[in-house]
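Structural features, examined
Given next are the chains, with one letter for each unit.
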Amino acid sequence: MMSDPVGTWLDIGVTTQIAPGTARTLPVQGGAEIAVFHTIRGEFYALVNSCPHKQGPLSQGIIHGDTVTCPLHNWRISLKRGEALGDDEGCTPTIPLKVDAGRIYLQRDAVLNSRAA
Amino acid sequence: MNAPASFEGGGTSREKLVVIGNGMAGCRAVEEILARDGDRFDITIFGAEPRVNYNRIMLSPVLAGEKTFDEIVINTAEWYDENGITLVSGDAVAQIDRDMQHVVTQSGRTENYDRLLIATGSDPFVIPVPGHNLPGVVTFRDLDDVDKMLAAAEKGGNAVVIGGGLLGLEAAHGLSLRGMHVTVLHLMPTLMERQLDEAAGYLLKTELERRGQVILTSADTAEILEKHGHVSGVKLKDGTEIAADIVVMAVGIRPNAALGKMAGLEVGRGIVVNDDMVTSDPAIMAVGECVEHRGQCYGLVAPLWDMCRSLADALVAEPSPYEGSVTSTKLKVSGIDLFSAGDFSGGDDCEDIVMRDAARGVYKRVIVKDGRLIGAVLYGDTADGNWYFDLLKKGEDVSDIREALIFGQAYASGGALADPNAAVAALSDDAEICGCNGVSKGQVVSCINNGAHNLDAVRSTCKASASCGSCTGLVESLLAITLGEEAVASGPQTMCKCTSFTHDDVRRLILEKELKLIPEVMQELHWTTPEGCASCRPALNYYLLCAWPGEYEDDEKSRFVNERLHANIQKDGTYSVVPRMWGGLTSPKELRAIADVVEKFNAPMVKVTGGQRLDIFGIKKEDLPAVWADLNTAGMVSGHAYGKSLRTVKTCVGSEWCRFGTQDSTGLGVKIEKMTWGSYMPHKFKIAVSGCPRNCAEATIKDFGVVCVDSGYELHVGGNGGIHVRATDLLCKVETEEQAMEYCAAFIQLYREDARYLERTAPWVERKGLDWIKSQLFDDPHAILQLADRFRLSQKYWQVDPWANRVAGAHSDLHSHLAEVRPLSLENA
Ligand code: SRM
Ligand SMILES: Cc1cc2nc3c(=O)[nH]c(=O)nc-3n(C[C@H](O)[C@H](O)[C@H](O)COP(=O)(O)OP(=O)(O)OC[C@H]3O[C@@H](n4cnc5c(N)ncnc54)[C@H](O)[C@@H]3O)c2cc1C
Ligand code: SF4
Ligand code: FES
C-alpha cells in the first residue's frame, strides 16, 4: 500500500449518527469490520467488531459504562483496552479514535490493518 | 487614552507589546506581565467589543437580573490609564502582517509590534440550519447578546434555547426568571452530557422541569421558522414545531483562530502554542480559548489563568511551563448545586463509588483508579467539590480513606470515624437509622439480637431499609458490628451487584413510588453504579413497561440484541428470521413469500422449528428490513422467536379432522395466539392446545397448555420442555372457549406482574406454589376479569408488529453500516 502523506486520521462522519448507548459498524475491504461505540456517558471508542472468545459481533452487545457485553456468550469486553474482563482472557484490537468538532476520526493505519481477534 | 511618553526618549528602549482581544485572557495576561515588570512594555490592547474588560462568566447573573454590568467590570478605564495602556475598543484587528510586524484594524489603523499576543477567545457555533440568520436568533457570548435577550424578554412570550450545556441552561434560567416561557432543545439524551453522567443529568432535568422549563432531549433541530421577517419558531427533525419569539443558539464554541490562520501560524483546532504560550512565530504568543495546547482547547477560565501565568513567567521572568489543566464545572443557576470534574467515563479499570440520597435529592459519584481519584460528579450537595477537585489535581493515593471518601471531607478526615463501622458504632441508641419507617439504632440492634441475621430478615422484621433503602449501608454496618464481620449471613439474592434490593423489592417500589424511568429507579433505589449493568438494565426496562403500559417509553439500549433487532443472532453474527404462523397454520401465499425470501437473500438454510413454523437463517443485519418488508407484504408479522415474550401457540389438528378430536384445538390456538402475540414477559412464554388427552401438541410441557376434553377445556400451567423438563400443573377446567381465553390472559398477566425477570413459569410456579396462583386467580371473583383487563390494556400498546415499524424506517441506524472503507479509493482521497 502506498503511504499517504496527509490524512493519518480517517473522518467517518458526525458523532450524531451513533445514538448514545449504541454502536455502529464499519466494514473494511480486505480488513476486519470495525465497531464504533458511543457510550451512554458520551464517550466514543472503536474496536475490531469481533469478540476474543468466538468472534461474536461486539457492536451488537449491551453497552454499560465503558464495557460491552458480547451478545453471544456474555463476555464483558473493555471498550478502552479491548480486553476481556473478569475471569475471561483475550483481547480485541482497539482502533485509536478521536472526536473533533463533532466528527469522529479513526486512525487510518489501524483501520487499514485491522485484523480480527 | 494615549501611551505615555517613554522614559528614555525616542521610544526605542521599551518594547512594543500589542494585544489582540480585550477579554478575560488578554487582560489577565497583561496584569500578570505588569505584576512582574511594569516597565518592560509599551502596551496597546485592541478589543472588538466597544467597552472595557469585564468578567464574561458573570453575563449569566446579569441576564438573570442578579448583577448589573458595572458590577462585573474587571478593569475600569482608570486601570488602562494608570498602567499606561492604550485601549483601542470597538475596532477589531483585521490582519496581522508578520513580515512588517504590524497589525491592521478594520478601520485601517496600523500598529507596529515587537511582541504580539493573540487572545481572541472563541466564536459561538451556529448550526447552519435554514433560518439561522433570521432576526431574533442570538448567541450567548457578549454583552450585546445579553441586551438582545433582555429586549426580547421585556415583551414576554416564548424563548427556545438550542443546546442543553452549561451556557444554554444558564441562558434558559435567565430568560425564565425574566418571565419567558422557555423550551430547551438538546440533541443528546442527557443534559450537559460532557459534564454529567446519566443519573445527574436526569436529576437536573427533573429540577428544571419542576421550575417550569420544558426540556426536550434527543431533539434535533431541522429549521428555524419565520414570520414577518422575524423568527417565529423552531421545527425539529421529527416534525414537532415550537413557537419562539427568540431563539438562543448555545450549541458550543469554536476557537477563534482566524487571524492566526490568515497570518500563516500553525493552527489546528486553535492556534498551536508551546508550553510558554508561544506560537510557531517566536514573536507571537497566544492565550485563552483561541489556543490549542498539547492537542487541547479549553472553554473555561481556570486554564486561562494558568496559561497567563506561564506566559508572563516565560516573557519577563523565569519560564514555568504550562502543562495543561484539569477542569471542573459548576452550573451558575441559583438553587441548583452541581459539580463535576475530571474523567467520569468510568469503566472496568476504575472503581465507581456512588451514593444516592433520594430524599435529599443528592447524587454523588467519585471515580477511583489505581488508588487515585480521577473524577467526581456531585448533584444536590457540592460542599465537598473543592476537596475532591484538590485530591484529583494532586493525584494523591486515597486508598486509606477509600471507605469514607464518598461521605466527604469532614467524614474522611475524622480519624477513627474514617471507618464507617466505627462511625455507626459511635451513634447513640436512639439515633434514627431508617427515616422512612422511623427505626432507631437500638431497635435495629435488638432485632438483630433476636435472630434477624441478614439484611432481608432485618427488613422484614423491623422494616429498617425496607422502603427507600438509603440506610442499607447503615443496617449492614450494624449487622457487622453486632454479629462480627464473618458472622453476617449472606443477604437475600439481590437483583445484581448494582443494588441491594431484590427483584421483588424493585417491582414493588416501582409501583409504590411511581417510578417511571430507568435513571429514576436507579436514583430512588440507590443504585451503586451510575448506569447499571447488562443484567439490571433489561430487567428494569421490562418492569417499567409492564408497570406503566402506554406511558413508559421503551429503552432500546437496555435490550438484548435479539429484542433490539427483532431477530435471533447466530454464532456467525448473522440473524435468523421467524415469521408468525398462527397456530402452526400456513398457506401457499406465505410459503411462496418465504421461498422467495430464501432465494432473493441467498439464505443458506430454512428449517421447520420445534414451534411449528419456519426459520430462515443467515440474514445480515443490513438485509433484515428488506426481508421483513417482503414477509409483511405477504401478510406475515414477527414471530418474536427472539423475545422474552410470547413465542408460539402450538396446536394439533383437532376435531375438524382428527378422529379423536373433541374440540377445535387449531381454531382455539389461532385465537389465543392472536390475543397474546406481541406481549413482553419476564421470560419466553409458550402455549399449546391439544384436541384430546393424547396431547399431540405437547400442551403439558408448555407455560400455558389447553387439553380439550368432551366436556370442555383443561387448563394447565407451569410446564417446561427445556433444561429441566417439568410437566404442567392442572389449574382448572372450564367449559367454553371464551373462558379458556380469559383465564389464559389472566394467568399471563399474573405472571407478567409477579415473576422475576428471566424466571420462566415453571420455576415461578414452584417458587410461589400452585395454591398461591390459584388463590390469586380464584379467591376474588373479579380477579380474572381485572387481570385480563390489564393484559388487554397492555396489548393495546404492545401488539404492534415491530417489523412493520422497521420496514417503515424506524431505527435504520441499527441496521446500516456507518460507511465502508475501501483501501483503494482511500489512496486517492
Ligand atoms: C429454532 C428452535 C429450534 C428448532 O430448530 O426447532 C430453537 C432455537 C433456539 N432455542 Fe429453543 N428453539 C426452538 C424450540 C424450543 C423448544 C420446543 C418448543 O418450543 O416447543 C424448547 C423446549 C420447550 C420449552 O421451551 O419449554 C426450547 C428450549 C430452549 C431453551 C431452554 C428453555 C428452558 O426453560 O429451559 C433455550 C435457552 C433459553 O431460553 O435460555 C432455548 C434457546 C434457543 C435459542 C434462542 C438459543 C439462543 O439463545 O440463541 C435458539 C435460537 C435459534 C434461532 O436463532 O432461531 N430453547 N426451544 C425452535 C424455535 C421455536 C420457534 O418456532 O420459536
Ligand atoms: C455566558 C457565559 C458564561 C460563562 N460561564 C463560565 C463559568 O461559569 N466558568 C468558566 O470557567 N467559564 C465560563 N465561561 C467561559 C469563559 O467566559 C471563557 O472561558 C473566557 O471568557 C475566555 O477568555 P478569552 O479571553 O479566551 O476569550 P474572551 O473572554 O471571549 O475574550 C476575547 C475577546 O477578544 C475579542 N476579539 C475577538 N477577535 C478580535 C479581533 N480580531 N480584534 C480585536 N478583538 C477581538 C472578543 O470580542 C472578546 O472580547 C462563560 C462564558 C459565557 C459566554
Ligand atoms: S437445542 Fe436449541 S439452543 Fe441448543 S443447539 Fe439446538 S437450537 Fe441451539
Ligand atoms: S463470542 Fe463473545 S462471548 Fe463468546
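Residues numbered from 1 in each chain as written. Chains lettered and ligands numbered in written order. Predicted model: local features only at pLDDT ≥ 70, side-chain atom pairs only at ≥ 80, totals over all residues. Heavy atoms only, no water.

**A closer look at the overall build of chain A**
Looking only at helices and strands, chain A has 1 helix and 9 strands in total. Secondary structure of chain A in N-to-C order comes out as β-β-β-β-β-β-β-β-β-α. Its C-alpha atoms give chain A a radius of gyration of 14 Å, near enough to 13 Å, the size a compact globule of 117 residues would have. The C-alpha extent of chain A, read off along each of the three principal axes, is 45 × 30 × 20 Å. The 117 residues of chain A split such that 57% are buried. (Helix = DSSP H or I, 4+ residues; strand = E, 2+ residues; numbered from the N terminus. Rg over C-alpha atoms; globule rule 2.2 N^0.38 Å. Buried < 20%, exposed > 50% of the residue type's maximum accessible area, 1.4 Å probe, protein only.)

**Looking at the overall build of chain B**
A count of helical and extended segments in chain B gives 29 helices and 38 strands. The principal-axis extent of the C-alpha atoms belonging to chain B is close to 125 × 70 × 55 Å. Buried residues in chain B amount to 55% of all 829 residues. For chain B, restricting intrachain contacts to residue pairs at least 6 apart in sequence, the fraction spanning at least 24 positions comes to 62%. (Contact = heavy atoms within 4.5 Å.)

**Examining the site of ligand 1**
Residue and element names in this part refer to chain B. Every one of the 21 residues lining ligand 1 counts as a neighbour, but Gln570, Thr609, Gly610, Arg613 and Lys684 are closest to it. Side-chain polar atom of Arg760 to an oxygen atom of ligand 1: 2.7 Å apart, as the coordinates give it. In terms of residue class, the shell around ligand 1 is built from 2 nonpolar, 11 polar and 8 charged. (Near = heavy atom within 4 Å. Polar contact = N/O pair within 3.5 Å; in protein donor to acceptor, adjacent residues only side chain to side chain. Nonpolar A, V, L, I, M, F, W, Y, C, P; charged D, E, K, R; others polar.)

**Some points on the confidence of the model for chain B**
Residue and element names in this part refer to chain B. Averaged over all residues, the pLDDT of chain B is 91; the fraction at 70 or higher stands at 95%. Counting contacts from residues 1-11, a segment whose pLDDT is below 50, to residues more than four positions away or on other chains yields 14 contacts. The model gives residues 825-829 a pLDDT under 50, and that stretch makes 10 contacts with residues more than four places away or in other chains. Confidence metrics for the complex model read pTM 0.77 and ipTM 0.77. (pLDDT = per-residue confidence, 0-100.)

**A short note on the nonpolar core**
The biggest cluster of nonpolar side chains holds 67 residues, and the ones touching the most others in it are Phe37 of chain A together with Val506, Val521, Trp527 and Val577 of chain B. At 8 residues, helix H18 (residues 536-547) of chain B tops the list of elements feeding residues into this core. Not counting the four nearest positions on each side in its chain, Val521 of chain B is found in contact with Val506, Ile510, Leu515, His526, Trp527, Leu540 and Leu544 of chain B. Grouped together as the second largest cluster of nonpolar side chains are 52 residues, Ile43, Val291, Tyr298 and Met307 of chain B included. (Core = buried A, V, L, I, M, F, W, Y, C linked by side-chain atoms within 4.5 Å.)

**Quick notes on the sheet that holds strand S26 (residues 362-369) of chain B**
Residues and elements named next belong to chain B. Strand order in the open sheet formed by 5 strands is S23-S24-S27-S26-S25, with antiparallel pairing between adjacent strands. Since the sheet does not close on itself, it has two edges, and those belong to strand S23 (328-330) and strand S25 (351-357), each with one partner. The mean angle between the axes of side-by-side strands here comes to 15 degrees, regardless of whether they run parallel or antiparallel. Inspection of the sheet shows strand S24 (residues 338-342) paired to strand S27 (residues 372-379) by 5 bridges, in the antiparallel sense. (Pairing = 2+ DSSP bridges. Axes fitted to C-alpha atoms, helices over the stretch in contact; angles between N-to-C directions.)

**Here's the deal with the interface of chain A and chain B**
Every contact between the two is made by 45 residues of chain A and, on the other side, 49 residues of chain B. For the pair chain A and chain B, the summed buried surface comes to about 4,000 Å²; carbon and sulfur atoms form 57% of the total. Put simply, chain A and chain B have 1 salt bridge between them. For the pair chain A and chain B, the interface holds 14 residue pairs in polar contact (both at pLDDT 80 or more). Secondary structure elements with two or more residues in the side of chain A that touches chain B: strand S1 (9-14), strand S2 (22-26), strand S3 (34-38), strand S5 (62-64), strand S6 (67-69) and helix H1 (108-112) of chain A. It is S2 of chain A that provides the largest number of residues to the side of chain A that touches chain B, a total of 4 residues. Looking at side-chain class alone, the side of chain A that touches chain B contains 20 nonpolar, 14 polar and 11 charged residues. (Buried area = accessible area lost by both parts, 1.4 Å probe. Salt bridge = Lys/Arg side-chain N within 4 Å of Asp/Glu carboxyl O.)

**Thoughts on the packing of helix H24 (residues 761-768) of chain B against helix H25 (residues 770-778) of chain B**
Residues and elements named next belong to chain B. At their nearest, the axes of H24 and H25 sit 6 Å apart, and the two run at 90 degrees to each other. Judged on the interaxial angle alone, H25 and H24 are roughly perpendicular. The residues of H25 that touch H24, namely those facing Trp764, Val765 and Lys768, are Leu770, Trp772 and Ile773. Considered class by class, the residues forming the contact of H24 with H25 number 5 nonpolar, no polar and 1 charged. (Parallel < 35°, antiparallel > 145°, perpendicular 65-115°, else oblique.)

**What about the state of the cysteines?**
All names here are of chain B. Scanning the entire structure with this criterion turns up 0 disulfides over all chains. You can see Cys308 has no disulfide; the closest cysteine sulfur is in Cys27, sitting 9.7 Å from it. Overall, Cys308 belongs to the buried group, its relative accessible area being 0%. (Disulfide = S-S within 2.5 Å.)

**What about the pairing of strand S18 (residues 246-249) of chain B?**
All names here are of chain B. Side chains Ile246 and Val248 project from S18 onto one buried face, and the interleaved Val247 and Met249 project onto a second face that is buried too. Relative to S18, strand S12 (residues 158-162) is paired through 4 bridges, and the arrangement is parallel. Within the sheet, the bridge partner assigned to Ile162 lies in S18 and is Met249.

**Brief notes about the packing of helix H16 (residues 503-512) of chain B against H18 of chain B**
Residues and elements named next belong to chain B. Packing of H16 against H18 brings their axes to within 10 Å, and their N-to-C directions diverge by 40 degrees. Here H18 runs oblique to H16, going by the angle between their axes. Once H16 is placed against H18, the crossing between them reads as right-handed. Taking contact as the criterion, the partners of His503, Val506, Arg507, Ile510 and Leu511 in H16 are, on H18, Ala539, Leu540, Tyr542, Tyr543, Leu544, Cys546 and Ala547. Residues of the contact of H16 with H18, tallied by class, amount to 10 nonpolar, 1 polar and 1 charged. (Left-handed = near helix turned anticlockwise from the far one by under 90°.)

**Examining empty space enclosed by the protein**
Tallying each qualifying case throughout the model produces 4 cavities of 30 Å³ or more. Its volume calculated, the largest cavity comes out at about 80 Å³. Around the largest cavity, the lining comprises 14 residues; the ones closest to its centre are Ala23, Ser59 and Gln60 of chain A together with Arg564 and Leu814 of chain B. Those elements that provide at least two residues to the lining of the largest cavity are S2 of chain A together with helix H19 (561-565) and helix H28 (812-815) of chain B. By residue number, the principal contributor to the lining of the largest cavity is S2 of chain A, which donates 4 residues. Looking at the lining of the largest cavity residue by residue, the classes come out as 4 nonpolar, 6 polar and 4 charged. (1 Å grid on protein atoms, 1.4 Å probe; cavity = no way out; pocket = protein on both sides within 12 Å on 5 of 7 lines; lining within 4 Å. Points joined across faces, edges and corners; volume = space filled by probe spheres on them.)

**Description of helix H26 (residues 783-798) of chain B**
Residue and element names in this part refer to chain B. The first and last C-alpha atoms of H26 sit 22 Å apart over 16 residues, in line with the 22 Å expected at 1.5 Å per residue. Every buried residue of H26 is listed here: Ala783, Ile784, Leu787, Ala788, Phe791, Ser794, Gln795 and Trp798. Buried residues of H26 fall within an arc of 120 degrees about the axis and therefore sit on the same side. Elements that come into contact with the buried residues of H26 comprise H18, helix H22 (665-676), helix H23 (737-754) and H25. (Expected span 1.5 Å × (residues − 1). Arc of directions from axis to C-beta.)

**What about the packing of aromatic side chains?**
All names here are of chain B. Scanning the entire structure with this criterion turns up 16 aromatic pairs over all chains. Each ring, one from Phe704 and one from Phe747, has its centre 5.9 Å from the other, and the planes form 35 degrees; the classification is tilted. Within this pair, whereas Phe704 is found in strand S36 (residues 704-709), its partner Phe747 is found in helix H23, the two being separated by 43 residues in sequence. In this structure an aromatic cluster arises from ring pairing among Phe685, Phe704, Phe747, Tyr751, Trp764 and Trp772. (Phe/Tyr/Trp six-rings, centres within 6.5 Å; stacked < 30°, edge-to-face > 60°.)

**What about unusual backbone geometry?**
One non-glycine residue, Ala101 of chain A, lies in positive phi territory at about 50 degrees. With respect to the helices and strands, Ala101 of chain A occurs in the loop between strand S8 (97-100) and strand S9 (103-107). The backbone of Ser218 of chain B shows a phi angle near 50 degrees, a positive value even though the residue is not glycine. Tracing the chain through its elements places Ser218 of chain B in the loop between strand S14 (214-216) and strand S15 (221-227).

**A word on the environment of Val578 of chain B**
Residues and elements named next belong to chain B. Looking at the secondary structure, you find Val578 in the loop between strand S31 (575-577) and helix H20 (588-600). Once the C-alpha coordinates of Val578 and Asn568 are considered, the two residues, 10 residues apart in sequence, prove to be 8.7 Å apart. Sequence-distant contacts of Val578, that is, excluding residues within four places in its chain, are made with Arg613, Leu614, Asp615, Ser638, Gly639, Ala641 and Trp803.

**Let's talk about the confidence of the model for chain A**
The predicted coordinates of low-pLDDT regions are not to be read in fine detail. Per-residue confidence for chain A gives a mean pLDDT of 88, with 92% of residues at or over 70. Between residues 1-5 of chain A, whose pLDDT stays under 50, and residues either more than four places distant or in other chains, the model counts 8 contacts.

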